[in-house]
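Below are the chains, spelled out letter by letter.
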Amino acid sequence: LRVMAVGNQGDVLVELGKPAEAAAQFMQAADLVKSDYTTPMFLMKAGIVYQQQNDWKNAARCFGRIVSDFPNSPDATTAKKYAGRAKAMAEQPA
């Protein structure tokens, strides 16, 4: 229950236009308890927020973690696609 509360705070921060704080909150929720349900869900949310902020390295890290640590997650297929794009964008010269 606490994991969901922490993650929901991330959703509120997104709505308030505070993406950096939201990503940190989603990462905290993902790391709070290792769960096949909540961990990939919050990693996906963090990765999407990082993408929106053009923080491709952290986005790739989040998506890659879903693919490697939670391959049977419903988010794994989408995370694999997103991870590929994020890695490619992270490697582009600034």
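Rules and cut-offs
Residues numbered from 1 in each chain as written. Predicted model: local features only at pLDDT ≥ 70, side-chain atom pairs only at ≥ 80, totals over all residues. Heavy atoms only, no water. Helix = DSSP H or I, 4+ residues; strand = E, 2+ residues; numbered from the N terminus. Buried < 20%, exposed > 50% of the residue type's maximum accessible area, 1.4 Å probe, protein only. Contact = heavy atoms within 4.5 Å. Salt bridge = Lys/Arg side-chain N within 4 Å of Asp/Glu carboxyl O. Axes fitted to C-alpha atoms, helices over the stretch in contact; angles between N-to-C directions. Parallel < 35°, antiparallel > 145°, perpendicular 65-115°, else oblique. Left-handed = near helix turned anticlockwise from the far one by under 90°. Nonpolar A, V, L, I, M, F, W, Y, C, P; charged D, E, K, R; others polar.

## Let's talk about the environment of T38
Turning to step 1, where the next piece is worked out: Here T38 shows up in helix α3 (residues 38–52).
Turning to step 2, where the next piece is worked out: Judged by its relative accessible area of 11%, T38 is buried.
Turning to step 3, where the next piece is worked out: Along the chain, T38 and P74 lie 36 residues apart, while their C-alpha atoms are 11 Å from each other.
Turning to step 4, where the next piece is worked out: Excluding residues within four positions of it along the chain, T38 makes contact with V3, M4 and V33.

## Remarks on the pattern of salt bridges
Turning to step 1, where the next piece is worked out: Counting across every chain of the model gives three salt bridges.
Turning to step 2, where the next piece is worked out: A salt bridge links D11 to K45, with the shortest nitrogen-to-oxygen separation between them at 2.9 Å. Separated by 34 residues along the polypeptide, D11 in helix α1 (residues 2–15) and K45 in helix α3 bring together distant segments of the chain.
Turning to step 3, where the next piece is worked out: Three or more residues joined by partner-sharing salt bridges are found here, namely D31, R65 and D69.

## Observations regarding the packing of helix α4 (residues 56–69) against helix α5 (residues 76–91)
The angle between the axes and the distance between the axes are what describe a pair of packed helices.
Turning to step 1, where the next piece is worked out: Look at α4 against α5: their axes get within 8 Å of each other, and the N-to-C directions meet at 150°. The orientation of α4 with respect to α5, classified from their angle, is roughly antiparallel. For the crossing formed where α4 meets α5, the hand is left-handed. Between α4, through W56, K57, A59, A60, F63, G64, I66 and V67, and α5, the contact on the second element is made entirely by A76, A79, K80, Y82, A83, R85, A86, K87, M89 and A90.
Turning to step 2, where the next piece is worked out: Within the contact of α4 with α5, the residues separate by chemical class into 13 nonpolar, one polar and four charged.

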